Amino acid sequence: MMENDTIVAIATANGIGSIAIIRLSGDDALLIAKKLSKKENFKNRYAILTNIYDSGGTLIDESIVIYFQGPHSFTAEDVVEIQCHGGYIVAQSVLKACLEAGARLANAGEFSKRAFFNGRIDLSEAEAIAQLIEAKSEDAAKILASQMKGSLKEFIEEVRDEIIHILAYSEVTIDYAEEDLPEDLVEQIRAKLDGLYKLLKKTLIASESRAGLMQGFRVAIVGKPNVGKSSLLNALLNYNRAIVSDIAGTTRDTIEEQVKIGTHLIRIVDTAGIREAEDAIEKIGIERSLEAIKQSDIVIALFDGSREADEEDREILALLKAHAEDKAKIIIKNKVDLPQKFTMEGLPFDMELNSKEDVSGLITALQEIMDANNLSDEIMLISERQITAVKETMQNIEESYEPLEMQELEIFSFHLNEAVKAMASITRPFENDEMLDKMFGSFCLGK
Ligand code: GDP
């Protein structure tokens, strides 16, 4: 074990709740629990109801204390969890008492970092834990929960083992005279590498296309002024506005609204732009629509059925053709309750709507698009770090092809060794303190 001074943090969210949990980890965890409770007997993994006192002996609270004897704990060290009454004051007082009894305040992610260094979890599992806490949809939570239990790790290990196998196969042949080599050796190795390359590429693409599943699907509502964008936004918000809590440390430069549809979360981008248009002070310009389209996973385009098509409508259509070709789109003829005048060549509508009355058709269409993205049994890369590592692996596989052709087996093995290293870095990197500090530093306190 690397560090075993005793760390402490409040593990529950800051705010009013019925209970709060203070977590201790390290050699003195049990000793500190004894000091705070004035009790001697703590049985491993038993919930004990006890008084908690501050360093002056004054009663702070009555709490449940659970002792997890190392190595069978989250960090593999001795861990104590104190479940005290919720609210700011009690939890802070218990925290303070722990500090006075000899613990030190944990850094962000330090519990997970210790779990990692003590071999309880690998990095892919640690990242899944960190993201699970912030999961934006039920589907994302499911994927993360399975990765927390090691599904990504298994995938990584299979790929790594396969490369090592190929490497071993090629290295054995270095010792052979050329004429003794099996004739189709190069083809065999190449076919195996191609298979691996395709698998990694598929995983990469699936991960990128499912970013919406993890972060919430970003939806742009575009159209010229007065087509009904803000009416539609309001209808969606009335349907099921998601409550968004402020996460400490995140700043948003754009205003965004979130709506829950089925198990998914949609995030409507540039709502400020949509609302400004309502006041007709600043019309939503083409520039702004373009920006919204670029940022989005799904585009909703509105046209006003009650008016004749004009130049602005044509510009919106051109924008869709130029910038939303590969995106999921829903093109809507709105205000169908009024007498209809709109016609435009080359504009196939997906649906007709009265955005002030009933948007259920749109909800269904959105749900279908988002469900189509949900292949939750697939492996998914969930951080830039993981994506970079897979890209690096793929690049090294690519770079091994030529030396393989040329029978330069030392160079070939060099690239495959690099590929193994890159792949392994997803779960257990060859120690790189800076990277680890950065990664764990982004975790919540108390994790
Ligand atoms: P925006 O400028 O695109 O955000 O458009 P608004 O949502 O502000 O709508 C412009 C006007 O059209 C408002 O007076 C709305 O009440 C009206 N409107 C919006 N949708 C419909 C609709 O489906 N039917 C009818 N009759 N009026 C609508």
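Residues numbered from 1 in each chain as written. Predicted model: local features only at pLDDT ≥ 70, side-chain atom pairs only at ≥ 80, totals over all residues. Heavy atoms only, no water.

## What about the pairing of strand β10 (residues 298–304)?
Moving on, step 1. With 7 of 7 residues buried, β10 is to be regarded as a mostly interior element.
Moving on, step 2. Neither face of β10 is open: one carries Ile298, Ile300, Leu302 and Asp304, the other Val299, Ala301 and Phe303, and all of them are buried.
Moving on, step 3. Pairing of strand β7 (residues 217–222) with β10, which is carried by 4 bridges, proceeds in the parallel orientation. By the bridge assignment for β10, valine 222 is matched with alanine 301.
Moving on, step 4. In this sheet, strand β11 (residues 328–334) lies alongside β10 in parallel orientation, the contact comprising 7 bridges. Directly across from aspartate 304, in β11, lies its bridge partner asparagine 334. (Buried < 20%, exposed > 50% of the residue type's maximum accessible area, 1.4 Å probe, protein only. Helix = DSSP H or I, 4+ residues; strand = E, 2+ residues; numbered from the N terminus. Pairing = 2+ DSSP bridges.)

## Focus on the sheet that holds strand β12 (residues 351–352)
Moving on, step 1. A sheet is described by the order of its strands in space; here 6 strands give the open sequence β8-β9-β7-β10-β11-β12, paired in mixed fashion. Both edges of this open sheet fall to β8 (257–261) and β12, since each of them pairs with a single strand only.

## Digging into unusual backbone geometry
Moving on, step 1. With an omega dihedral of 5 degrees, the bond running from glycine 70 to proline 71 counts as a cis peptide bond.
Moving on, step 2. Despite not being glycine, alanine 76 shows a phi value in the positive range, around 75 degrees.
Moving on, step 3. Overall, the relative accessible area of 5% leaves alanine 76 in the buried class.

## A short note on the site of the ligand
Moving on, step 1. In the region of the ligand, 16 residues are neighbours, and Asn226, Lys229, Ser230, Ser231 and Asp337 sit closest.
Moving on, step 2. Within the contact set of the ligand, an oxygen atom lies 3.3 Å away from a backbone nitrogen or oxygen of valine 227.
Moving on, step 3. Out of a free accessible area of 580 Å², the ligand has 81% covered by protein chains.
Moving on, step 4. The element that contributes the greatest number of residues to the shell around the ligand is helix α9 (residues 229–240), accounting for 3 residues. (Near = heavy atom within 4 Å. Polar contact = N/O pair within 3.5 Å; in protein donor to acceptor, adjacent residues only side chain to side chain. Areas by Shrake-Rupley, 256 points an atom, 1.4 Å probe, with all protein chains shown as cover.)

## Observations regarding the packing of aromatic side chains
Moving on, step 1. Evaluated as defined, the whole model comprises 4 aromatic pairs.
Moving on, step 2. For the pair phenylalanine 303 and phenylalanine 349, a centre-to-centre distance of 6.1 Å together with 75 degrees between the ring planes defines the contact as edge-to-face. Of this pair, phenylalanine 303 sits in strand β10 while phenylalanine 349 sits in the loop between β11 and β12; the two residues are 46 residues apart in sequence, bridging distant segments of the chain.
Moving on, step 3. The ring of phenylalanine 111 has arginine 23 sitting right over it, with the charged end atom 5.3 Å from the ring centre. (Phe/Tyr/Trp six-rings, centres within 6.5 Å; stacked < 30°, edge-to-face > 60°. Lys NZ or Arg CZ within 6 Å of the ring centre and 35° of its normal.)

## A closer look at the sheet that holds strand β3 (residues 47–53)
Backbone hydrogen bonds hold the strands of a sheet together, and the pairing may be parallel or antiparallel.
Moving on, step 1. With respect to topology, 6 strands assemble into an open sheet ordered β3-β4-β5-β2-β1-β6, the strand pairing being mixed. Here the strands that pair on one side only, and so sit at the sheet edges, are β3 and β6 (104–105).
Moving on, step 2. Pairing analysis gives 7 bridges linking strand β2 (residues 19–25) to strand β5 (residues 79–85), with the strands arranged antiparallel. Bridge pairing links arginine 23 to glutamate 81 in β5.
Moving on, step 3. Along the sheet, helix α1 (residues 29–37) contacts β2, β3, β4 (59–68) and β5; its crossing angle with β3, the most-contacted strand, is approximately 65 degrees.
Moving on, step 4. In the packing of helix α3 (residues 110–117) onto the sheet, contacts are made with β1 (7–10), β2 and β6, and the angle to β1 comes to roughly 135 degrees. (Contact = heavy atoms within 4.5 Å. Axes fitted to C-alpha atoms, helices over the stretch in contact; angles between N-to-C directions.)

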